[in-house]
Amino acid sequence: MPSFAGVVLAGGRSSRMGTPKAALEWHGSTLLRRTTGILGRVTGGRVVVVRAAGQPLPELPGSVTVVDDPREGRGPVQGIAAGLAALRGEADIAFITSTDMPFLHPAFVRRVLRTLEEDEATDVALPFARGYRQPLAAAYRVTLAEAAERLVKEDRLKPAFLFEQCAVAQLDDDALLSDPVLDALDPDLDSVVNVNTPEDYDAARTRRAPRISVQLFGTVAKSAAKAGGLDGPGSPFAVRAATVGEAAGAIGLVFDRHVTAALNGDQITRDPEVPLAAGDTLFFLSADAGG
Amino acid sequence: MPPGGYFGRALVVDAADGTSQTLEIGEPVLRAYLGGAGLGTWLLHRLGPPGADPLGPDAVLAFTFSPLVGTPLTTSAKFAVVAKSPLTGMLTDALASSQFAISGKLTGHDAIAIRGRAPRLSTLIIDGPATRIADATHLAGRTAAETDAAVREELGRGWRVAAIGPAGERGPSGEPGVRYATISHDGRHAGRGGLGTVMGAKNLKAVAVRASARVATADPAGVLRAARDLRERSFGPATEKYRELGTLANLLTFNAISTLPTRNFQASSFEGAPDLAEQPAEPEAEAGSEPGEIAGMRKVARSGCASCTIGCEHIYRVGRGKKARVEYENVFALGPMCGVSDPGAVLAASARCDDLGIDTISAGGTIAWAMECAQRGLIDAPWLRFGDAGALLRVLDEIGDRATELGILLGNGSRAAAETVGSGSGSFAPHVKGLEMPGYEPRTLHSMALGLAVNARGADHNRSGAYEADLSGDLDRFDGGDRHVAAAIETEDRAAVMDSMILCKFLRGVFTDPFAEWASLVSDVTGWDMTGDELRETAGNIVMAKRAYNDREGWRPADDWLPDRLLNEPVTLPSGRVAALTAERLRAMIGAYYKARGLNTEGRPDPAIYKRLLLD
Ligand code: SF4
């Protein structure tokens, strides 16, 4: 089985936004924190952030690797080259994205990665979604690092130059949505919607947070039941929330040291900034679960 | 003068004739081992002949008390029982609570060690320094609770009794009882490792104690102050789970996060968990009940051990007029582990184990293994199917009766049974060192995986609480490494102190600086000027003393390991994650554990340790 990693290109001048996109607030978290969290869910935590040398970043989980790109600002291929180079020997396939896609869904990432997983002869899985090629929501073999670096040296900085040199599988809307999970959770392929201007950002923020399911266990359930309204342990109810902290807030739960959360029954966390996506199930547990 | 809280002596009884001697225990030993599990370990080193058959007359069975027993400190009324286990051939120590602890200590002894074998089924009677045995053949076949009542009836007021059920007694031709029999007092069990079998092998049906001595603490005012403070804290959020829900609340939680071992570890969550958490039952229990897992099955009472302000015991109705204490571990072992989702059957099976006097975890684990063997055609019992409630109750009866080949086989525990059955069935026998696994899935709890593998008593969640780290959200539970090793050591050390000084582990959450706070409690009682650092070292020494005992009794490096299944068969979570614990990872964590504990690369203690641990 090939191993996966995520790469987030956090540099770029954000000139049209007027303020660094990475640090933009997003439901109590930041856009960059969100993107790393979404990728980490698919890649088992392996995520690299490529930034301009010395660029300040919002707070990120300790598991995220940050690499400086000394020649930042020279376009996507430079970022792709830096990200892939950082993953040499660490992973086989990388999903590379920018930090400005707030609706990126893990199911989209999984769908794109699967193309390379299933077809060893392909080097790049390139979505053609919502009418555009999406080189910054695509999967690349880590072995492309050299080709990308060479292009940078030659000053040929458009992704198209890279695609000329390798085997690319283009995934149109239908191909993407042939994945029933993606079709159910992100039918409009909002995963590739990016925010470039303050207007984009404002519009994105007015969208309702994803619909998720929350279940409570242990003393957390007990106190919620006492407080009234909620059903007891294990019974699911729907809320809209883009982060764990927002979900806790939505049900009036104080997410303090007595409470932990498990996303889809997987990793256990105390971090309120863990991002949520449509279809998620979030468990709130007593921090002292166990005998 | 012994230090406060101690008598400075143990009573050593010969079960053959009821005679006894006093063994003086010097202050250095008391300070190094505290009491409870620690002192019991020292006694076993000191009195148990190396290589002795755990079920032979030379074997030692020690009831040990502690400096805190009898003080007003909440949850301190506990005693430890320590012996060489007939399941593991290594040290086992189990704790039980209530008045037996206080009366046993106030016989004037820090420990009661029993050797020898009574000529026939007997009660050992300890009235202060006076000891004797009395015929108990009329109690043969009685449950521990019945025996307790009968002995108290015979002896009159003021007696406290620890007893075994029928499964711990020797059979008609003198063969030993079920290897995982328990010793019970007031409905609480020294449950793990077959201590009841050891007692039964000595032909002792019961041990009765009566208080006759007094013991002072060094600083009564200080103890009282500490007791008031602890009592206050015991009402706070750190113990809420135990007070409000009991440990059964774990069932749905563990199911949700794939840490609920199911069908002999073939899965890590159980589709029947919601059914089990929701007891069917009796209309009157439903009225005014609270929602959710305790709906319908809402307990009819809550109670607790003597001297406890938490009161974690949740009593449920089991059937017409019958009630039972329900804990996560017994529901796990007899429910999901055996694939059984009928709550009535699980509670009935649990009650049956109590009546027989056998450990529910070992019973459930061994039966689950047998169900898998039957499924694979390795044993000839096609009726013994996962999920079949009737089969569960039937096989428990066979184990208790010891009349059928299957019952006798399963009465030996999963390790011995797998050795008999062969055909690779050992690879899925759910035990470590011969002790069946508790309800914590190692593949999704990597700190706990290490804790279970290296523990001296075998697979056990009370001597290693490393799952706490896994569930804390502070580390990645699927990616065991150095931090998991440190967490496993820390919880092992904490358990060693709590089990020795003794305080109930359910109180652990109220301490913010545990070793320092515990050292202060011990100092108030004993008059020592103990520091947190000293107590931390004491903890590590107790853990090492247990390991040294096992080493003496034939421990091999391969004993610190987990069942093959857990290392070779990953589990897939609903999130899509494939959770695996490879042999390579486990080996790396064990190596780091040995290093941190100062053991050699094989895991053996340095011979010089015997001197340091006062074992030479
Ligand atoms: S918390 Fe429970 S087990 Fe502990 S002493 Fe109290 S009643 Fe006994």
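For every chain, the first residue of the written sequence is number 1, and numbering continues from 1 onward in sequence order. Going through the entries in the order they are written, you letter the chains from A and number the ligands from 1. In view of the model being predicted, local features appear only for residues whose pLDDT reaches at least 70, and side-chain atom pairs are presented and counted only at 80 or more, with totals across whole chains, interfaces and linings using the full set of residues.

## Quick notes on the overall build of chain B
Turning to step 1, where the next piece is worked out: Each helix is a run of DSSP H or I of at least 4 residues and each strand a run of E of at least 2, with the numbering of both proceeding from the N terminus. Of regular secondary structure, chain B possesses 24 helices and 19 strands.
Turning to step 2, where the next piece is worked out: Against the 2.2 N^0.38 benchmark of 25 Å for 616 residues, chain B shows a C-alpha radius of gyration of 23 Å, consistent with a compact globule.
Turning to step 3, where the next piece is worked out: On the principal axes, the C-alpha backbone points of chain B span a range of 65 × 55 × 55 Å.
Turning to step 4, where the next piece is worked out: Once C-beta atoms are placed from the backbone, each residue is buried if 20 or more other C-beta atoms lie within 10 Å of its own, exposed if 12 or fewer, and partly exposed for counts between those two. Buried residues in chain B amount to 61% of all 616 residues.
Turning to step 5, where the next piece is worked out: The long-range fraction of contacts in chain B, counting pairs at least 24 apart against all pairs at least 6 apart in sequence, stands at 68%. What the globule rule says is 2.2 Å times the number of residues to the power 0.38, and the radius of gyration is computed from C-alpha atoms. We call two residues in contact when the distance between their C-beta atoms, placed using the backbone, is within 7 Å.

## Comments concerning the overall build of chain A
Turning to step 1, where the next piece is worked out: Each helix and strand counted, chain A has 10 helices and 15 strands in total.
Turning to step 2, where the next piece is worked out: Since a compact globule built from 291 residues should have a radius of gyration of about 19 Å, the 20 Å found for chain A is in line with a globular shape.
Turning to step 3, where the next piece is worked out: Along the three orthogonal principal directions, the C-alpha set of chain A runs to about 65 × 40 × 40 Å.
Turning to step 4, where the next piece is worked out: The burial tally for chain A puts 55% of its 291 residues in the buried class.
Turning to step 5, where the next piece is worked out: Across chain A, the fraction of contacts at a sequence separation of at least 24, relative to all contacts at a separation of at least 6, is 70%.

## Some words on the site of the ligand
Turning to step 1, where the next piece is worked out: We call a residue near a molecule or strand when the C-beta position, derived from backbone atoms, sits within 6 Å of it. Close to the ligand lie T75, S97, Y242, G304, C305, C308, I310, G311, C312, E313, C504 and F506 of chain B, which account for all nearby residues.
Turning to step 2, where the next piece is worked out: A breakdown of the residues in the shell around the ligand according to their chemical character gives seven nonpolar, four polar and one charged. The classification used treats Ala, Val, Leu, Ile, Met, Phe, Trp, Tyr, Cys and Pro as nonpolar, Asp, Glu, Lys and Arg as charged, and all other residues, Gly among them, as polar.

## A look at the sheet that holds strand β13 (residues 259-263) of chain A
Residues and elements named next belong to chain A.
Turning to step 1, where the next piece is worked out: Whether two strands pair depends on DSSP finding at least two bridges between them. Strands sit in the order β12-β11-β15-β13-β14 across an open sheet of five strands; the sheet is mixed. Two strands close off the open sheet at either side, each with one partner strand: β12 (237-240) and β14 (268-269).
Turning to step 2, where the next piece is worked out: As paired elements, strand β11 (residues 211-216) and strand β15 (residues 281-286) share four bridges and run parallel to each other. Bridge pairing in β15 links S213 to T281.

## Brief notes about the nonpolar core
Inside soluble globular proteins, nonpolar side chains tend to come together where they are buried.
Turning to step 1, where the next piece is worked out: Counting 297 residues, the largest nonpolar core has A94, A139 and F284 of chain A together with V81 and L392 of chain B as its most contacted members.
Turning to step 2, where the next piece is worked out: When sequence neighbours within four positions are dropped, the list of residues in contact with F284 of chain A reads V214, L216, F217, V220, A248, L253, V259 and A261 of chain A. For this analysis, nonpolar core means a set of buried Ala, Val, Leu, Ile, Met, Phe, Trp, Tyr and Cys residues linked through C-beta atoms within 7 Å.

## Re the sheet that holds strand β10 (residues 183-185) of chain B
Strand pairing in a sheet takes place through backbone hydrogen bonds and is either antiparallel or parallel in direction.
All names here are of chain B.
Turning to step 1, where the next piece is worked out: On the basis of which strands lie adjacent, the open sheet formed by six strands has the order β8-β7-β12-β9-β10-β11 and mixed pairing. Of all strands in the sheet, those with a lone pairing partner are β8 (130-135) and β11 (188-190), marking the two edges. Here the strands of the sheet are splayed against their neighbours by 25° on average, with no regard to which way each runs.
Turning to step 2, where the next piece is worked out: As defined by bridge partners, strand β7 (residues 122-127) adjoins strand β12 (residues 204-210) across six bridges and the pair is classed as parallel. Along β12, the bridge assignment pairs D127 with R210.
Turning to step 3, where the next piece is worked out: Lines fitted to C-alpha atoms define the axes here, with helix axes fitted over just the stretch in contact, and angles between the N-to-C directions of these axes take values from 0 to 180 degrees. Along the sheet face, helix α4 (residues 144-155) touches β7, β9 (159-164), β10 and β12 and points at about 145° away from the line of β9.

## Description of the domain arrangement of chain A
Residues and elements named next belong to chain A.
Turning to step 1, where the next piece is worked out: Splitting chain A by domain gives domain 1 (4-204) and domain 2 (209-286).
Turning to step 2, where the next piece is worked out: The partner domain 2 presents 13 residues to the 13 residues of domain 1 that form the contact.
Turning to step 3, where the next piece is worked out: Element by element, the count of residues in the side of domain 1 that touches domain 2 is highest for helix α1 (residues 31-43), at four residues.
Turning to step 4, where the next piece is worked out: Considered class by class, the residues forming the side of domain 1 that touches domain 2 number five nonpolar, five polar and three charged. Note that domain bounds follow an automatic or database assignment of domains.

## Let's talk about the environment of E602 of chain B
Residues and elements named next belong to chain B.
Turning to step 1, where the next piece is worked out: Counting through the fold element by element, E602 comes out in the loop between α23 (583-596) and α24 (609-612).
Turning to step 2, where the next piece is worked out: A residue is classified by how many C-beta atoms lie within 10 Å of it, and E602, with 10 of them, is exposed.
Turning to step 3, where the next piece is worked out: For the pair E602 and P557, spaced 45 residues apart in the sequence, the C-alpha separation amounts to 6.0 Å.

## A word on the pairing of strand β3 (residues 61-64) of chain B
Residue and element names in this part refer to chain B.
Turning to step 1, where the next piece is worked out: Of the two faces of β3, the one holding L61 and F63 and the one holding A62 and T64 are both buried throughout.
Turning to step 2, where the next piece is worked out: Judged from the four bridges that link them, β3 and strand β4 (residues 78-84) form a sheet pairing that is antiparallel. Residue pairing across strands places A62 opposite V82, the latter belonging to β4.
Turning to step 3, where the next piece is worked out: Pairing of β3 with strand β6 (residues 111-115) involves four bridges; the strand directions are antiparallel. Residue pairing across strands places L61 opposite I114, the latter belonging to β6.

## Considering the interface of chain B and chain A
Turning to step 1, where the next piece is worked out: Of the residues lining the interface, 34 residues belong to chain B; the matching set on chain A comes to 30 residues.
Turning to step 2, where the next piece is worked out: Elements supplying a minimum of two residues to the side of chain B that touches chain A: α7 (240-245), α8 (250-256), α11 (328-334) and α18 (467-471) of chain B.
Turning to step 3, where the next piece is worked out: Across the side of chain B that touches chain A, the residue classes tally to 14 nonpolar, 10 polar and 10 charged.

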